[in-house]
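# Structural overview for review
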Amino acid sequence: KGLPAFEKELEAFHSQRPEPYLEFAQALRAAGQPGRALIAFQDALRRDPAYVPALLEYAAALKDAGQHAQAVAIAKRATASAPADPRAWNTLGQAQLDLADFRAALGSFKQALTLDPEMPEAHNGTGIALAQIGDPAAGEAEFREAVRVLPNYGEAHGNLANVLAW
């Protein structure tokens, strides 16, 4: 009853607000329907092209779908709409990592950390970018900082172990 009922209510309501469409997109994504979720994210953004929560979620969904260039483009829209939001810069950095654009990713993560020095995901991303451009010692320091901020951050622990094994 859940998703079909939600979709039926959404169609009947004809909201001009992006929030219901974002919620529907999130529900579709959680239900393992990524293609339909991408369409619902687009529906949300048609109602408000600068709606940062939808831009961030849409970029992440595109990234998960392997559409990395599109994820970068959407994340750039998020940073333009909310330049003071560290989540937007972190999302952009993550998408840039997927394109192996490590220097651009490094710049995005550094901007995220300027805005929120305690963001463990940005420290982890910075570490990945630094290691990939040939500075594993600086990458190690960033992985350690990510773990300091969030001690149970498994991905950062794994990246730290990998860089120490180099």
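Residues numbered from 1 in each chain as written. Predicted model: local features only at pLDDT ≥ 70, side-chain atom pairs only at ≥ 80, totals over all residues. Heavy atoms only, no water.

### Notes on the nonpolar core
- Phe-41 and Tyr-58 are the most contacted members of the largest nonpolar core, which totals 41 residues.
- Sorting the residues of this core by element identifies α2 (19–30), α3 (34–47), α4 (52–64), α5 (68–81), α6 (86–98), α7 (102–115) and α8 (120–132) as the ones contributing at least two each.
- When sequence neighbours within four positions are dropped, the list of residues in contact with Tyr-58 reads Leu-38, Phe-41, Gln-42, Leu-45 and Ile-74. (Core = buried A, V, L, I, M, F, W, Y, C linked by side-chain atoms within 4.5 Å. Buried < 20%, exposed > 50% of the residue type's maximum accessible area, 1.4 Å probe, protein only. Helix = DSSP H or I, 4+ residues; strand = E, 2+ residues; numbered from the N terminus. Contact = heavy atoms within 4.5 Å.)

### Examining unusual backbone geometry
- In the Ramachandran plot, Ala-100 falls in the positive-phi region, its phi being about 60 degrees despite a non-glycine side chain.
- Its location among the elements puts Ala-100 in the loop between α6 and α7.
- What makes Ala-100 partly exposed here is its relative accessible area of 48%.

### Remarks on the packing of α6 against α8
- Running from amino to carboxyl end, α6 crosses α8 at an angle of 30 degrees, the nearest separation of the two axes being 10 Å. With respect to their mutual orientation, α6 and α8 come out roughly parallel. In the crossing of α6 with α8, the sense of the turn from one axis to the other is left-handed. Residue-level inspection shows Asn-90, Gln-94 and Leu-97 of α6 in contact with α8, the latter providing Glu-121, Ala-122, Gly-125, Ile-128 and Ala-129.
- Here the residues of the contact of α6 with α8 are counted per class, giving four nonpolar, three polar and one charged. (Axes fitted to C-alpha atoms, helices over the stretch in contact; angles between N-to-C directions. Parallel < 35°, antiparallel > 145°, perpendicular 65-115°, else oblique. Left-handed = near helix turned anticlockwise from the far one by under 90°. Nonpolar A, V, L, I, M, F, W, Y, C, P; charged D, E, K, R; others polar.)

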